Amino acid sequence: MYELIPNKKAPTVLSLDPGTANCAIACSTLTEQPVLLANALLRSPIRGLTSGLPQKRRAFLQELALWVKAYDPSIIIMERFQSRGLKGSTVEEISVMLGCVLTQYPKLDVQF
């Protein structure tokens, strides 16, 4: 398990980079000299949409909530996936994660 250490001195950006195998997350400051506060691979990205989606959604949002609580981000940035013809469910899984973030944090500036 990773340890989250908050820094309340500067506004923060929470960034997510979902991919075909991993979902990276990082938090950094919004200052002239950005400082990386923490980064990790999420343990609970949404993988597979055919069964257990409510549980997967809940686990993803619970893990994300730890980061939001620890760092109180001003903005969330999430890379969207462009398949360019690849087969598989990655595009849909990332779209579901993006939708979860948008609906869970409507008052935060979420960009993708």
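So, how was this worked out
- Residues numbered from 1 in each chain as written.
- Predicted model: local features only at pLDDT ≥ 70, side-chain atom pairs only at ≥ 80, totals over all residues.
- Heavy atoms only, no water.
- Helix = DSSP H or I, 4+ residues; strand = E, 2+ residues; numbered from the N terminus.
- Buried < 20%, exposed > 50% of the residue type's maximum accessible area, 1.4 Å probe, protein only.
- Contact = heavy atoms within 4.5 Å.
- Areas by Shrake-Rupley, 256 points an atom, 1.4 Å probe, with all protein chains shown as cover.
- Phe/Tyr/Trp six-rings, centres within 6.5 Å; stacked < 30°, edge-to-face > 60°.
- Expected span 1.5 Å × (residues − 1).
- Core = buried A, V, L, I, M, F, W, Y, C linked by side-chain atoms within 4.5 Å.

Regarding the overall build of the chain
Across its full length, the chain holds 2 helices and 5 strands. Scanning the chain from its N terminus toward the C terminus, one meets helices and strands in the order β-β-β-α-β-α-β. Taking all 112 residues of the chain together, 34% fall into the buried category. A fraction of 59% describes how many contacts in the chain between residues 6 or more apart in sequence connect residues 24 or more apart. Carbon and sulfur atoms make up 54% of the accessible area of the chain, which totals about 6900 Å².

Re the environment of Val35
Relative to the assigned elements, Val35 resides in the loop between strand E2 (23–29) and strand E3 (36–41). Val35 sits 25 residues away from Ala10 along the chain, and the two C-alpha atoms are 9.8 Å apart. With residues near it in sequence (within four places) discarded, Val35 still touches Cys27, Ser28 and Thr29.

What to know about the packing of aromatic side chains
For the coordinates displayed, the defined rule picks out 1 aromatic pair. Where Trp67 meets Tyr71, the ring centres are 5.8 Å apart and the plane angle is 35°; that geometry is what we call tilted. Of the two residues, Trp67 and Tyr71 both sit in helix H1 (residues 53–71), 4 residues apart, roughly one turn of that helix. Like Tyr71, Trp67 is buried.

A few points about H1
The end-to-end C-alpha distance of H1 is 27 Å, a good match for the 27 Å that 19 residues give at a rise of 1.5 Å each. Listed in full, the buried residues belonging to H1 are Phe60, Leu61, Glu63, Leu64, Trp67, Val68, Ala70 and Tyr71. Buried residues along H1 sit against strand E1 (12–18), E2, E3 and helix H2 (90–104).

A word on the nonpolar core
Counting 25 residues, the largest nonpolar core has Leu14, Leu16, Ile25, Phe60, Leu64 and Trp67 as the members making the most contacts within it. Looking at this core, the elements with two or more residues in it are E1, E2, E3, H1, strand E4 (75–78) and H2. Per element, the largest residue contribution to this core is 7 residues, and it comes from H1. Dropping the residues within four chain positions of it, Leu16 is found in contact with Cys23, Ala24, Ile25, Leu42, Phe60, Leu64, Ile76, Ile77, Met78 and Glu79.

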